[in-house]
Amino acid sequence: MERINKVSDFLSKYFILLVVIISLISMLKPEPFIELNKIRVFNQSFINLGLGFIMFIMGITLNLKDVKLVFTNFRDVFIGCTAQYIIMPFVAFILAKIFNLPSALAVGLILLGTCPGGTISNVMTYIARGDVTLSVAMTTVSTFLSPILTPFLTMVLAGAWVNIDTKTMFFSIIQIVLFPSILGIIVRFLVKDKLEKFTKAFVICPIIIIILINGMCIAPNRENLLNSSLILIITVCLHNWIGYFVGYMIGVLTKMTSDKKKTISIEVGLQNASLAIGLSSQFSNPLCALPSAVAVVVHLVSSSLLANIFSKDFSFKKFIFVKKTQYE
């Protein structure tokens, strides 16, 4: 068990570095990742199976206390999830128009914006000294809302570029997100708290899966990524950073406490990019997966930096005040 904990700590500590390394390897030596992409189990791709397993782990880690948090923090959860599902999809749509993205990249960016929050936001909220209970509640609610809201919003906003099969997307999210999560919750209920000692072990598989999925998306799109990398990276970064900023300002406008402002900022700015990668497979053009593949790296780097800034009790009000006094 001690060895597993060491592996878990190593993967967690060097997660960003490993993502970058595998991304570079998949660019230089794409063949193994392309072959991995061809593997099918029960007629399901490795990406979808991996995402389902991650959601299963998420279900196992939830408990009755987490469910209660949704109701005890109802106002903040409602504000946060509403902001997430309004801001990020529409910001993605506006950026796609401003930068005149090719249709496949525009659809991929909008799909990314319509996806729920990911579990990485919970970790970053903890580092940022935010409200972890609110973060967990928001991730849970946005995830369970995704089978309805993600296909609907994608159809409304991305329908200008391609025809969106909302029925297929709905059942894909049910299959990838809802069923595994519910199964994990059932397993947790049956075994009670006997899984607590395996918490660090549960971290290993999701990290490895996310790293591999990113490589599998980049490998077949190597040439396309090189040709459109700068504009794509700029667009994904702006989408992410605008989410952080607007999320924080919503916390300010609704008079939330400092720790909740940080949480809303992180939750709004971070999407489940891995889920967006899985869902993009239903589109015929593989370019649709590129914005989410880039977002995996961008989100990890930006959220780590933001969490460290927030951990030092940063606030926009304090920042503006300090800047003003420096020049007076």
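Since the model is a prediction, treat every value here as computed from it, not as a measurement.

A. Broad picture of the packing of helix α6 (residues 74-98) against helix α7 (residues 103-114). One way to put it is that α6 packs onto α7 with a least axis distance of 7 Å and a crossing angle of 165 degrees. Between α6 and α7, the angle falls in the class roughly antiparallel. Between α6 and α7 lies a crossing of right-handed hand. Here Q84, Y85, M88, P89, A92, F93, L95 and A96 of α6 lie close against α7, whose contacting residues are A106, L109, I110, G113 and T114.

B. View of the packing of aromatic side chains. Tallied over the full model, the rule gives five aromatic pairs. Arranged with centres 5.1 Å apart and planes meeting at 80 degrees, the rings of F170 and F171 form a pair that is edge-to-face. A relative accessible area of 27% means that F170 is categorised as partly exposed. Relative to F310, the ring of Y248 lies with its centre 5.8 Å away and its plane at 20 degrees, an arrangement referred to as stacked. Of the two residues, Y248 is situated in helix α12 (residues 222-253) and F310 in helix α15 (residues 290-310); the sequence distance between them amounts to 62 residues. Both residues of the pair, Y248 and F310, count as buried.

C. Expanded view of the environment of G117. Within the secondary structure, G117 is located in the loop between α7 and α8 (120-127). Residue classification places G117 among the buried positions, given a relative accessible area of 2%. Taking the C-alpha atoms as reference points, G117 and N272, 155 residues apart in sequence, are found 5.1 Å from one another. Here G117 is in contact with Q84, T139, S142, T143, L270, Q271 and N272, once residues within four sequence places are set aside.

D. Up close: the pattern of salt bridges. This structure, assessed with the given rule, holds two salt bridges. The closest approach of N and O atoms between D76 and R75, which form a salt bridge, is 2.9 Å. Under the relative-accessibility criterion, D76 is labelled buried at 6%. In this structure, K260 engages D76 in a salt bridge whose closest nitrogen and oxygen atoms are separated by 2.7 Å. Residue K260 is located in helix α13 (residues 258-269), and its partner D76 is located in helix α6; the two are separated by 184 residues in the primary sequence. Residue K260 shares its accessibility class with D76, and that shared class is buried. One connected set of salt bridges, linked through shared partners, spans R75, D76 and K260.

E. Looking closely at unusual backbone geometry. A positive phi angle, near 60 degrees, is found at R129, a position not held by glycine. Mapped onto the fold, R129 is located in the loop between α8 and α9 (132-158). At K255, a residue that is not glycine, the phi angle is positive and equals roughly 60 degrees. With respect to the element layout, K255 can be found in the loop between α12 and α13. By relative accessible area, which is 75% here, K255 ends up exposed.

Rules of the game
Residues numbered from 1 in each chain as written. Predicted model: local features only at pLDDT ≥ 70, side-chain atom pairs only at ≥ 80, totals over all residues. Heavy atoms only, no water. Axes fitted to C-alpha atoms, helices over the stretch in contact; angles between N-to-C directions. Helix = DSSP H or I, 4+ residues; strand = E, 2+ residues; numbered from the N terminus. Parallel < 35°, antiparallel > 145°, perpendicular 65-115°, else oblique. Left-handed = near helix turned anticlockwise from the far one by under 90°. Contact = heavy atoms within 4.5 Å. Phe/Tyr/Trp six-rings, centres within 6.5 Å; stacked < 30°, edge-to-face > 60°. Buried < 20%, exposed > 50% of the residue type's maximum accessible area, 1.4 Å probe, protein only. Salt bridge = Lys/Arg side-chain N within 4 Å of Asp/Glu carboxyl O.

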